Amino acid sequence: MGWSMAIDNAIPKPLRVILRGAGQVFFCCNAVTGLIFLIALYVGGITAGLAATVGVVSSTIAAYLLGFSDDDIEAGLYGFNGTLVGPCLFLFLENTPQLWLYVVLASILSTVVLAALMRILQPYNIPASTSPFVLTCWMFMVAVYSFDGFSRGSVLPAPGIPVDIATTSAATMEAWFTNFSQATIEAWYTGITKGIGEVMFADSVIVGILFLVGIAITSLRGAVMALLGAIVGVVVPILLGADKTLIEMGLYAFNPVLTMMAVGWVFLKPSTGTALLALLAGILTIICQAGLANFLAPIGLPTLTFPFVLVMWMFLFAASKSKYWKS
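Conventions adopted
- Residues numbered from 1 in each chain as written.
- Predicted model: local features only at pLDDT ≥ 70, side-chain atom pairs only at ≥ 80, totals over all residues.
- Heavy atoms only, no water.
- Helix = DSSP H or I, 4+ residues; strand = E, 2+ residues; numbered from the N terminus.
- Rg over C-alpha atoms; globule rule 2.2 N^0.38 Å.
- Buried < 20%, exposed > 50% of the residue type's maximum accessible area, 1.4 Å probe, protein only.
- Areas by Shrake-Rupley, 256 points an atom, 1.4 Å probe, with all protein chains shown as cover.
- Lys, Arg positive; Asp, Glu negative; His and termini not counted.
- Charge placed at Lys NZ, Arg CZ, Asp CG, Glu CD.
- Contact = heavy atoms within 4.5 Å.
- Phe/Tyr/Trp six-rings, centres within 6.5 Å; stacked < 30°, edge-to-face > 60°.
- Patch = residues over 30% accessible without salt bridge, like charges linked within 9 Å, V, L, I, M, F, W, Y side chains within 5 Å.
- Salt bridge = Lys/Arg side-chain N within 4 Å of Asp/Glu carboxyl O.
- Polar contact = N/O pair within 3.5 Å; in protein donor to acceptor, adjacent residues only side chain to side chain.
- Axes fitted to C-alpha atoms, helices over the stretch in contact; angles between N-to-C directions.
- Parallel < 35°, antiparallel > 145°, perpendicular 65-115°, else oblique.
- Left-handed = near helix turned anticlockwise from the far one by under 90°.
- Nonpolar A, V, L, I, M, F, W, Y, C, P; charged D, E, K, R; others polar.

A. Representation of the overall build of the protein in the model. For the protein, the helix and strand inventory stands at 16 helices and zero strands. For a compact globule of 327 residues, the expected C-alpha radius of gyration is about 20 Å, and the protein comes in at 19 Å, within 12% of that figure. On the principal axes, the C-alpha backbone points of the protein span a range of 55 × 50 × 40 Å. Within the span of the protein, comprising 327 residues, buried residues form 53% of the whole. Of the roughly 14300 Å² that the protein leaves accessible, carbon and sulfur atoms contribute 69%. Charge centroids of the protein, computed over 12 positive and 14 negative side chains, lie 15 Å from each other.

In structure tokens form, the structure reads like this:
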């Protein structure tokens, strides 16, 4: 929206770059949107907000010091992976004073990894997106086993062999689609809004709503894609009989949110056709997430946003071969 870009341009450059970095988590090169995202994280929890702030500042400063492209830095492209690194490590690892140093180092590494992947993927016109965040956090999570100053948090999955979901914990279509009680309506509302919030590890309805508002300030189509992605992330797991607790927490929705935004709004020419393509990509992202979760279970690592990255890459690579949906 014009007024938000006017404010964006009026913000002093250093602050504008940092805020754009936060905004780019949802593909929004807009300082106003980034400010809303950071405020939302602080609303969700002071520690998460501080961790995101430390992450985006560290990764952005690292990009300047390493002499990477000024245009990319000013667009916030070297900030969003660091924004995700901070809350992620504080969620999955034990909160200690040393963890702040860990976040700074991981954020710096995410900047280096991003530059490397941009170099590798540039000939194919494919974005690295959040893959530097995923690869960096996976490495730092596994590394804690070798350092006495760090330890696993209770949320980090314990290594184990994948097992079939118990019938008692699986979602049923009857409960979600035919029983329109207040509890069911609240479950739908919670799953959808938290699905948007969980992109930045925020287990909060209000944070998810604020994220959606921030996206809408930059693009209404982007907000619609995000909302549809969250809905897909609730409906499809229900139809497939996934764990109802994970559905209500939005943990099946945050990857489709990003996938549908990427395919239906950002990287392919917006049209009805690409919107339908985004819907297909969002559905497949859920299957990919379930598969990757089981694949990673033996080493005790979460999928993070890698299902989104993997599906997005496949669809964007395939786009160059299609006469209907070239980017």
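The structure having been displayed, the exposition proceeds.
B. Expanded view of the side chain of Thr-136. Within the secondary structure, Thr-136 sits in helix 8 (residues 131-143). With near-sequence residues (within four places) excluded, Thr-136 lies in contact with Ala-106, Leu-109, Ser-110 and Val-113.

C. Broad picture of the packing of aromatic side chains. Scanning all chains against the criterion turns up 14 aromatic pairs. Seen in terms of ring centroids, Phe-37 and Phe-211 are 5.3 Å apart; in terms of plane orientation they differ by 75 degrees. Their pairing is edge-to-face. Taken as a pair, Phe-37 in helix 3 (residues 31-44) and Phe-211 in helix 11 (residues 205-218) lie far apart in primary sequence, 174 residues in all. Each member of the pair, Phe-37 as well as Phe-211, is classed as buried. For the ring pair Phe-68 and Tyr-78, a centre distance of 5.2 Å and an interplane angle of 20 degrees mean the geometry is stacked. Taken together, the positions of Phe-68 in the loop between helix 4 (46-65) and helix 5 (70-74) and Tyr-78 in the loop between helix 5 and helix 6 (80-92) put the pair 10 residues apart, joining distant regions of the chain. Classification of Phe-68 by relative accessible area gives partly exposed; the value is 23%. The exposure class assigned to Tyr-78 is buried, which follows from its relative accessible area of 6%.

D. Up close: the environment of Cys-288. Counting through the fold element by element, Cys-288 comes out in helix 15 (residues 272-296). Considering only alpha carbons, one finds Cys-288 and Pro-307, 19 residues apart in sequence, at a separation of 5.6 Å. Ignoring anything within four residues of it in the chain, the contact list for Cys-288 reads Pro-307, Leu-310 and Val-311.

E. Seen up close, a nonpolar patch on the surface. A surface patch of nonpolar side chains, amounting to about 400 Å² of accessible area, comprises Leu-66, Leu-101, Leu-105, Ile-108 and Val-112. Tracing the sequence through the fold places Val-112 in helix 7 (residues 98-121). For Val-112, a relative accessible area of 36% puts it in the partly exposed group.

F. Highlighting the environment of Thr-33. The topology assignment puts Thr-33 in helix 3. With 59 residues separating them in the primary sequence, Thr-33 and Phe-92 have C-alpha atoms 26 Å apart. Looking at Thr-33, its side chain comes within polar contact range of the main-chain oxygen of Gly-214, at 2.8 Å.

G. Just the packing of helix 4 against helix 6, in detail. Contact geometry for helix 4 and helix 6: axes closest at 6 Å, N-to-C directions at 140 degrees. With respect to each other, helix 4 and helix 6 are oriented oblique. Crossing angle aside, the handedness with which helix 4 passes helix 6 is right-handed. In contact with Thr-47, Ala-48, Ala-51, Ala-52, Gly-55, Val-56 and Ser-59 of helix 4, helix 6 contributes Gly-82, Thr-83, Gly-86, Pro-87 and Phe-90. Split by residue class, the contact of helix 4 with helix 6 holds six nonpolar, six polar and no charged.

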